[in-house]
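The residues making up each chain are set out below.
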Amino acid sequence: MSQRLDYFSAAGDLFKPMMEQEAQFKNSTLEFSVVELVKLRASQINGCAFCIHMHTHEMRAQGESEDRMHLLNAWRESPLYTPRERAALAWCEALTRVEATAAPDADYDAVAELFEPREQVLLTLLIGAINSWNRIAIGFRSAHPVSETTTGANAA
């Protein structure tokens, strides 16, 4: 796979609003774990290797456990996630797959119960943003970094 376009070099100024929004997410009342688990889960659903790589590395650097990252695909079956994380992940999945889910009331009700109105908006914007980032990275074929530590000893 090779990159189709270096989109930041081609039109970096167009990303300024998205980068400013990312700063708002980072400095919001949403927990780091909620923000990063949502970003990672949407990236898994969308199959964005670039974003999966970036977010797992960011999470690991901030002390996130390997188990929580590895089990994220099966978060509903694992006791490792808080009620807020669970509500955020369900909302993330519902909105990422909105064509199939139509954003069910049960998923929204869980978010409304555990997140203040402003946080509900932040969370929903976060989900929209990571889906946009995934589409940009996938569309332009952004490749994640590869090193000896990421290829492993038995890489083909």
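Our structure is the block above this text.
Below or above, wherever it landed, is the structure these notes cover.

1. Section: the overall build of the chain
Moving on, step 1. Helix and strand content of the chain: 10 helices and zero strands.
Moving on, step 2. If you list the helices and strands of the chain from N to C, you get α-α-α-α-α-α-α-α-α-α.
Moving on, step 3. What you see for the chain is a C-alpha radius of gyration of 16 Å, in line with the 15 Å of a compact globule of 156 residues.
Moving on, step 4. C-alpha atoms of the chain, sized along the principal axes, occupy 45 × 40 × 30 Å.
Moving on, step 5. Within the span of the chain, comprising 156 residues, buried residues form 40% of the whole.
Moving on, step 6. When the accessible surface of the chain is split by element, carbon and sulfur atoms take 56% of a total near 9,000 Å².
Moving on, step 7. Measuring between centres, the 14 positive side-chain charges of the chain sit 4 Å from its 21 negative side-chain charges.

2. Overview of the environment of Lys-26
Moving on, step 1. One can find Lys-26 in helix H2 (residues 16-26).
Moving on, step 2. Among the residues examined, Lys-26 registers a relative accessible area of 71% and is labelled exposed.

3. A few points about the nonpolar core
Within soluble globular proteins, side chains that are nonpolar tend to cluster in buried spots.
Moving on, step 1. Ranked by size, the top nonpolar core spans 28 residues in total, and within it Val-38, Trp-91, Phe-115, Leu-123 and Ile-127 carry the most contacts.
Moving on, step 2. Counting residues per element, the ones that place at least two in this core are H2, helix H3 (32-46), helix H6 (83-96) and helix H9 (117-139).
Moving on, step 3. Here the element with the most residues in this core is H9; it accounts for nine residues.
Moving on, step 4. Those residues in contact with Leu-123 that lie beyond four places of it in its chain are Leu-30, Val-34, Val-38, Ala-88, Trp-91, Val-111 and Phe-115.
Moving on, step 5. Grouped together as the second largest cluster of nonpolar side chains are nine residues, Leu-37, Met-59, Trp-75 and Leu-89 included.

4. Regarding the packing of aromatic side chains
Moving on, step 1. Within the structure shown, the criterion is met by seven aromatic pairs.
Moving on, step 2. Relative to Trp-133, the ring of Phe-8 has its centre 6.3 Å away and its plane inclined at 20 degrees; by these criteria the two rings are stacked. Highlighted residues: Phe-8 in helix H1 (residues 7-11) and Trp-133 in helix H9, separated in sequence by 125 residues.
Moving on, step 3. By relative accessible area, Phe-8 is classed as partly exposed at 39%.
Moving on, step 4. Taken together, the ring pairs in this structure connect Tyr-7, Phe-8, Phe-15, Trp-133 and Phe-140 into an aromatic cluster.
Moving on, step 5. Directly above the aromatic system of Phe-115 lies the positively charged group of Arg-84, at a separation of 4.0 Å from the ring centroid.

5. Some words on unusual backbone geometry
Phi is mostly negative for residues that are not glycine, and the peptide bonds are mostly trans.
Moving on, step 1. A positive phi angle, near 60 degrees, is found at Ala-102, a position not held by glycine.
Moving on, step 2. Turning to its location among the elements, Ala-102 is positioned in the loop between helix H7 (98-101) and helix H8 (105-114).
Moving on, step 3. The phi angle at Ala-103 is positive, at roughly 50 degrees, despite the residue not being glycine.
Moving on, step 4. Along the chain, the position of Ala-103 falls in the loop between H7 and H8.

What counts as what
- Residues numbered from 1 in each chain as written.
- Predicted model: local features only at pLDDT ≥ 70, side-chain atom pairs only at ≥ 80, totals over all residues.
- Heavy atoms only, no water.
- Helix = DSSP H or I, 4+ residues; strand = E, 2+ residues; numbered from the N terminus.
- Rg over C-alpha atoms; globule rule 2.2 N^0.38 Å.
- Buried < 20%, exposed > 50% of the residue type's maximum accessible area, 1.4 Å probe, protein only.
- Areas by Shrake-Rupley, 256 points an atom, 1.4 Å probe, with all protein chains shown as cover.
- Lys, Arg positive; Asp, Glu negative; His and termini not counted.
- Charge placed at Lys NZ, Arg CZ, Asp CG, Glu CD.
- Core = buried A, V, L, I, M, F, W, Y, C linked by side-chain atoms within 4.5 Å.
- Contact = heavy atoms within 4.5 Å.
- Phe/Tyr/Trp six-rings, centres within 6.5 Å; stacked < 30°, edge-to-face > 60°.
- Lys NZ or Arg CZ within 6 Å of the ring centre and 35° of its normal.

Everything listed here is a matter of geometry and, on its own, says nothing about what the molecule does.
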